[in-house]
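Tertiary structure, described
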Amino acid sequence: MSESNTAPTRSSYRVVLLGDQGVGKSSISLRFLRDEFHEHNAPTIGAAYLTQTLKVGDRTVKLDLWDTAGQERFASLAPMYYRTAQGAIVVYDVCSKASFVRAKDWVKELKTQAPAGTIVMLCGNKIDIPDGREVSIEDGVQMAKDKGLIFAEVSAKSGQGVKSIFQAIAEKIVAKDSHSANSAPPQDKGIRLSSNEKASSGCRCSSQQTA
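Residues numbered from 1 in each chain as written. Predicted model: local features only at pLDDT ≥ 70, side-chain atom pairs only at ≥ 80, totals over all residues. Heavy atoms only, no water.

A short note on the packing of helix α3 (residues 97-113) against helix α4 (residues 137-147)
Two numbers describe how α3 lies on α4: the axes approach to 12 Å, and their chain directions differ by 10°. Taken together, the axes of α3 and α4 are roughly parallel relative to one another. For the pair α3 and α4, the sense of crossing is right-handed. Each of K97, F100, A103, K104, V107 and K111 in α3 lies in contact with α4, whose residues at this interface are D139, G140, M143 and K147. (Axes fitted to C-alpha atoms, helices over the stretch in contact; angles between N-to-C directions. Helix = DSSP H or I, 4+ residues; strand = E, 2+ residues; numbered from the N terminus. Parallel < 35°, antiparallel > 145°, perpendicular 65-115°, else oblique. Left-handed = near helix turned anticlockwise from the far one by under 90°. Contact = heavy atoms within 4.5 Å.)

Quick word on the packing of aromatic side chains
Under the counting rule described, the total for this entry stands at four aromatic pairs. The interplanar angle of 40° and the centroid separation of 4.9 Å between the aromatic rings of Y49 and W66 together place this pair among those described as tilted. Taken as a pair, Y49 in strand β2 (residues 47-56) and W66 in strand β3 (residues 59-68) lie far apart in primary sequence, 17 residues in all. Assessed through its relative accessible area of 18%, W66 is described here as buried. Note on Y92 and F100: the rings are 4.9 Å apart at their centroids and 65° apart in plane angle, and the pair reads as edge-to-face. For the pair Y92 and F100, a shared accessibility class is recorded, and that class is buried. Clustering of aromatic rings is evident, with ring pairs tying together Y49, W66 and Y81. One Lys or Arg, R102, reaches over the ring of W106 and ends 4.5 Å from the middle of that ring. (Phe/Tyr/Trp six-rings, centres within 6.5 Å; stacked < 30°, edge-to-face > 60°. Buried < 20%, exposed > 50% of the residue type's maximum accessible area, 1.4 Å probe, protein only. Lys NZ or Arg CZ within 6 Å of the ring centre and 35° of its normal.)

Some points on the nonpolar core
One broad trend across soluble globular proteins is that nonpolar side chains are buried collectively. Counting residues in each nonpolar core, the largest one holds 28 residues, and the members touching the most others are I28, L63, I89, M121, I165 and F166. Elements represented by at least two residues in this core include exactly β1 (12-18), α1 (25-34), β2, β3, β4 (87-93), β5 (119-125), β6 (150-153) and α5 (162-181). Looking at this core element by element, the count peaks at eight residues for α5. Counting residues in hydrophobic clusters, the runner-up holds 26 residues, among them V94, V107, M143 and L149. (Core = buried A, V, L, I, M, F, W, Y, C linked by side-chain atoms within 4.5 Å.)

Any functional reading would require information beyond the geometric quantities listed.
If you want it as structure tokens, here you go:
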């Protein structure tokens, strides 16, 4: 049997976190990498680089995470990080309508300037503060459906759903990469958690990602 001429799949993937200052991007990253939460984190300057490995099927892959600064003065630097990324997580604070509006701007920018096929997740953080909620789950789901995104809600403070979002985006990226390497038509491997799975994992994830 002859060797396949298709390109090998990657062993590492770049994922960039985008969103307003204070939405909890750094807290999400810290919870994922070290299972820690700090009530007060210093604002990120430029971007912070972190790595973590995950199992996707029978493969071990490395995520190269770029946690970008949320301050407006650093917004022009974002393309430096997402233009070579395979995935992007746009984070908003469910207790801040303004951060959700800004998330729409980030999604629009990614859709027009990021590489074609970049996997994009919309992620609402701080669901541990239910009384302060300004953005409903339905709002997030609808935006994800309209824009073709993966959607999830998490709490960096409690850890609810955090690991699941990185697993979800890693699986989606690897699936797309594998299809490309095999020169096969892309198939939807979207991750949809049932109500029972939501209860056990804490991640309200759905996949509306389009190729």
